[in-house]
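# Descriptive structure summary
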Amino acid sequence: MDTAPSAQPPTATAPAAGNRRRVATAAALASAVEWYDYFVFGIAAALVLGDLYFPAGSPSAGVLASFATFAVGFLARPLGGIVAGHLGDKRGRKPMLVLALTLMGVATTGIGLLPTYETIGVAAPILLVLLRVAQGVAVGAQWGGAMLLATEYAPEGKRGVYGSVVQLGVPIGVVTANTVFLAAGALTTDSAFAAWGWRVPFLVGLLVLALAWYIHTRVEETPAFREAERALAEQEKTEQSSPLRTILRGHLGTVLLAGGSFAVNTATFYILITGVLDYTTRELDMKKGPVLTVSLCVSLTQLVLIPAAAALSDRIGRIRIYAFGAAGIALWAVPLFLLIDTGSLLWLAVGTFVASCFLSIMYGPQAALFAELFTPEMRYTGASLGYQIAAVAGGGLAPFVMVLLLEATGTSMAVSGYIIALSVIALVSIKVLADRARPAEPEAAPEARAEAESAG
């Protein structure tokens, strides 16, 4: 794994180039709209939800309650990954992706229509939490489906590039969410934005339902799953098989290592797009419009960096690129907040841009790397669990932890220390994953590689 990408598993018939492009496009769009819906909540949590749904107490208490609700979505993500992973490994990638998109569209639209605490009292934050849980389940189910649609249709030697089209959904989602919020803020007064303008980005979630229908009617199941389906059918004649049971019994270590390797990426990412937005506007008195613009511009650079890193991983190996990104995040954690603390938009842009480069270097090959850790019959379950464990341990708690650290210590260096600690965990996890994979031949199929890793 450390020196070269793995070969594509053999399939009965190679998909046509046109079908590959259609599937890759659908997977990328599914990821983009799903992440857009998920990210609008994070931006709203930093800007308005604390006052509207958790009005009691100090401003810090309201933000903490809002970020705690943000984190609830991450706690629900493993549930979506487990359920969709189990069914996706037994019934197909496409049905689970369609279901995830539908659930996300309904939940996001519901948040946009939800009355505030002033209107319906304590029912408002309760319903907000429930809808956020639904968002979490949906995105937990979505990532594995979209990622496998792309990577399992990839031609030999290009799994990293094809996987990166799904990863591009994250910066596209961030750019779109920030753009819509900027437009809503620019076209309304502060009072109108607080009253109804913030709802507009959530109502765009209705578009997800149209994409779900397109995938349901126009996209075919992946060749790798069809091959695995035949093998599972034979296995079920003699024994009851369960992808989740197989993962928990023989591959739990690989799942936990995958999660440990990626937690720093999700934590740093959500600190940048949500925690820093709150910190700069509430503590450093910076204007939300320019800060959102910086976040938008930095995210645009990821549209180039993510596929570039993925393509390089197809040539020299996933682990090497992945580890370089994790090491870069650790080294940049302190300079990042020293630059942010200047209160200058220019230095904010420089600090977050460099951090975003290292995040992109990790994120580009991550989809292909996680897919290659597991065989097709348990790949949806294993890859989803690894990803969602990282989301809970890193991303979901990161903005909440950031506010707590700032309140407790009074210095942003505490946040840098938090990022460095997660980076160390990532580098140790990556080293163990590389050692486990080393007995396998560099060009071995993912199935042989997973068998070698499961021995640990």
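Residues numbered from 1 in each chain as written. Predicted model: local features only at pLDDT ≥ 70, side-chain atom pairs only at ≥ 80, totals over all residues. Heavy atoms only, no water.

## A word on the pattern of salt bridges
A complete count under the given rule lists six salt bridges for this structure. Among the salt bridges present, the one from arginine 318 reaches aspartate 314, with a minimum N-O distance of 2.8 Å. Side by side, arginine 318 and aspartate 314 carry an identical accessibility label, which is buried. One salt-bridge network, held together by shared partners, links Arg159, Asp314, Arg318 and Glu372. (Salt bridge = Lys/Arg side-chain N within 4 Å of Asp/Glu carboxyl O. Buried < 20%, exposed > 50% of the residue type's maximum accessible area, 1.4 Å probe, protein only.)

## A look at empty space enclosed by the protein
Under the counting rule described, the total for this entry stands at four cavities of 30 Å³ or more. Of the volumes computed, that of the largest cavity is approximately 170 Å³. In terms of lining residues, the largest cavity is bounded by 15 residues, among which Leu272, Ile273, Ser295, Val298 and Thr352 are the most central. Residue assignment for the lining of the largest cavity shows that the elements contributing at least two residues are helix H13 (252–283), helix H14 (288–316) and helix H16 (345–372). Looking at the lining of the largest cavity element by element, the count peaks at six residues for H14. In this structure, the second largest cavity occupies an estimated 130 Å³ of space. Of all the elements in the fold, those that place two or more residues in the lining of the second largest cavity are helix H1 (17–53), helix H7 (169–186), H13, H14 and H16. In terms of residue class, the lining of the second largest cavity is made up of eleven nonpolar, three polar and one charged. (1 Å grid on protein atoms, 1.4 Å probe; cavity = no way out; pocket = protein on both sides within 12 Å on 5 of 7 lines; lining within 4 Å. Points joined across faces, edges and corners; volume = space filled by probe spheres on them. Helix = DSSP H or I, 4+ residues; strand = E, 2+ residues; numbered from the N terminus. Nonpolar A, V, L, I, M, F, W, Y, C, P; charged D, E, K, R; others polar.)

## A closer look at the environment of isoleucine 321
Relative to the helices and strands, isoleucine 321 is located in helix H15 (residues 318–340). Of the residues examined, isoleucine 321 reaches a relative accessible area of 8% and is grouped as buried.

## So, the packing of aromatic side chains
Scanning all chains against the criterion turns up nine aromatic pairs. Here a set of aromatic residues connected by ring pairs shows up, and it is made of Phe262, Tyr363, Phe370 and Tyr387. The residue whose ring lies beneath arginine 132 is phenylalanine 41, and the NZ or CZ to ring-centre distance is 4.4 Å. (Phe/Tyr/Trp six-rings, centres within 6.5 Å; stacked < 30°, edge-to-face > 60°. Lys NZ or Arg CZ within 6 Å of the ring centre and 35° of its normal.)

## Considerations on H16
In this model, H16 (28 residues) spans 41 Å end to end at C-alpha, consistent with the 40 Å of a helix rising 1.5 Å per residue. In H16, a bend of some 45° at glutamine 366 exceeds every other bend along the element. In terms of burial, H16 is largely enclosed, as 21 of its 28 residues are buried. Capping the start of H16 is the job of one residue whose side-chain oxygen sits 3.2 Å from the backbone nitrogen of leucine 346: serine 344. (Expected span 1.5 Å × (residues − 1). Bend = angle between axes of the 7 residues up to and from the residue. Polar contact = N/O pair within 3.5 Å; in protein donor to acceptor, adjacent residues only side chain to side chain.)

## Focus on the confidence of the model for the protein chain
Overall, the predicted model of the protein chain reaches an average pLDDT of 79, with 84% of residues at or above 70. Helix H20 (residues 446–454) is the least confidently modelled element of the protein chain, averaging 42 in pLDDT, while H15 averages 96, the highest of any element. Between residues 1–13, whose pLDDT stays under 50, and residues either more than four places distant or in other chains, the model counts 57 contacts. (pLDDT = per-residue confidence, 0-100. Contact = heavy atoms within 4.5 Å.)

## Considering the side chain of threonine 280
Summarising the element assignment, threonine 280 is placed in helix H13. What makes threonine 280 buried here is its relative accessible area of 0%. Only 3.3 Å separates the side chain of threonine 280 from the backbone oxygen of leucine 277, close enough to count as a polar contact. Apart from residues no more than four positions distant in its own chain, threonine 280 is found in contact with Asp285, Met286, Val291, Ile340 and Leu348.

## Structural notes on the side chain of glutamine 366
By secondary structure assignment, the location of glutamine 366 is in helix H16. Sequence-distant contacts of glutamine 366, that is, excluding residues within four places in its chain, are made with Trp143, Gln167, Phe262, Tyr322 and Tyr387.

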